[in-house]
Amino acid sequence: MNASDRTPADLLRSALAADPGRPLVTFYDDATGERVELSVATFANWVAKTANLLQGDLGAEPGDRLALLLPAHWQTAVWLLACASVGVVAEVGGDPADADLVVSGPDTLEEAAACPGERVALALRPLGGRFPQPPAGFADYAVEVPGQGDRFAPFVPVDPEGPGLVVGGEELSYAGILGRARKDAAQLGLEPGSRLLSGLGFDTWEGLSAGLFAALVAGGSVVLCRHLDRLPAEDLDRRTDAERITHAVR
């Protein structure tokens, strides 16, 4: 983290400049056996493409509210950083009827259809696969994002003190996200190179911090595990060794 970093997007740019090849997010889904590892460079590329989709095709502007109806997943982490890149407020589990845009997983499409604005759906299939049949009234993320540009520049500079995230009924500015994440990283003892395993959901600040922001602010990486309760203890021990886990929250 550089002293000049004031938003999550700033943190990602600093990480990209420092060591683009190191792992940043490793994702496991213990219900499907999926494993995905994204380096800083690969993650940043997904963020840039998603931010271009958000700002360009979807017409999102700073201050717009996006209802984020996604579980703990590597693609959710991408959307959180894309929103921060544009200046869009990510409302985790927000009410689609009151949002300017909605991003939904496959299990919340009926709820998400209440959004009066743009609607994006994610199949959450392995390797970022698309829906076999696109859901009516939604843009399929896996169809729309590949053709987006690999570099992103916001039309309007993002205000670090502006609203950035709503989770658990609490609103945080972008600078506030970094402040909270910095404290969490210190409490966990994270440092550059730390590998943090998280089995928490993304519906609380604690889950978002452990699954993304604390590792990012510390210069570490995260091993994000969905459905970790389905993994036998001996397999978790093997994963801890194989992934060189230094810290765990679950």
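Here is a short report on the structure shown in this document. These numbers come from a predicted model, not from an experiment.

## As for unusual backbone geometry
- One non-glycine residue, Leu127, adopts positive backbone phi at about 60 degrees.
- Within the secondary structure, Leu127 is located in the loop between β6 (118-121) and β7 (139-140).

## Looking at the sheet that holds strand β1 (residues 23-29)
- The strand order across the open sheet formed by five strands is β2-β1-β11-β10-β12, and the pairing between neighbours is mixed. Either end of the sheet is taken by a strand with one partner, and the two such strands are β2 (34-39) and β12 (247-249). Sheet twist, expressed as the average angle between the axes of neighbouring strands with direction ignored, equals 15 degrees.
- Pairing geometry for β1 and strand β11 (residues 221-226), over five bridges, is parallel. Looking across to β11, one finds that Phe27 is bridged to Leu224.
- Across the sheet, helix α2 (residues 40-57) touches β1 and β2, and the angle it forms with β2 is around 95 degrees.

## Here we look at the side chain of Arg195
- By the element assignment, Arg195 lies in strand β10 (residues 195-198).
- What makes Arg195 buried here is its relative accessible area of 10%.
- Here Glu243 takes part through its side chain, which lies 2.7 Å from a polar atom of the side chain of Arg195.
- Other than its neighbours up to four places away in sequence, Arg195 contacts Pro23, Thr26, Glu37, Ser221, Val222, Val223, Glu243, Arg244, Ile245, Thr246 and His247.

## Comments concerning the sheet that holds strand β3 (residues 65-69)
- Strand order in the open sheet made by the seven strands is β7-β6-β5-β3-β4-β8-β9, with mixed pairing throughout. A strand with exactly one partner marks an edge of an open sheet, and here the two such strands are β7 and β9 (170-173).
- Two strands pair when backbone bridges link them, and β3 and strand β5 (residues 101-104) are joined in this way by four bridges, in the parallel orientation. Bridge pairing in β5 links Leu68 to Val103.
- Along the sheet, helix α3 (residues 74-86) makes contact with β3, β4 (89-92), β5, β6 and β8 (163-167), crossing β3 at roughly 170 degrees.

## A few points about the environment of Ser194
- By secondary structure assignment, the location of Ser194 is in the loop between α6 (174-188) and β10.
- Owing to a relative accessible area of 5%, Ser194 belongs among the buried residues under this scheme.
- Those residues in contact with Ser194 that sit more than four places away from it in its chain are Gly189, Gly220, Ser221, Thr246 and His247.

## Some details on α3
- Here α3 spans 19 Å end to end across 13 residues, near enough to the 18 Å set by a 1.5 Å rise per residue.
- Positive backbone phi, approximately 100 degrees, marks Gly87, located one or two places after α3.

Rules behind the numbers
- Residues numbered from 1 in each chain as written.
- Predicted model: local features only at pLDDT ≥ 70, side-chain atom pairs only at ≥ 80, totals over all residues.
- Heavy atoms only, no water.
- Helix = DSSP H or I, 4+ residues; strand = E, 2+ residues; numbered from the N terminus.
- Pairing = 2+ DSSP bridges.
- Axes fitted to C-alpha atoms, helices over the stretch in contact; angles between N-to-C directions.
- Contact = heavy atoms within 4.5 Å.
- Buried < 20%, exposed > 50% of the residue type's maximum accessible area, 1.4 Å probe, protein only.
- Polar contact = N/O pair within 3.5 Å; in protein donor to acceptor, adjacent residues only side chain to side chain.
- Expected span 1.5 Å × (residues − 1).

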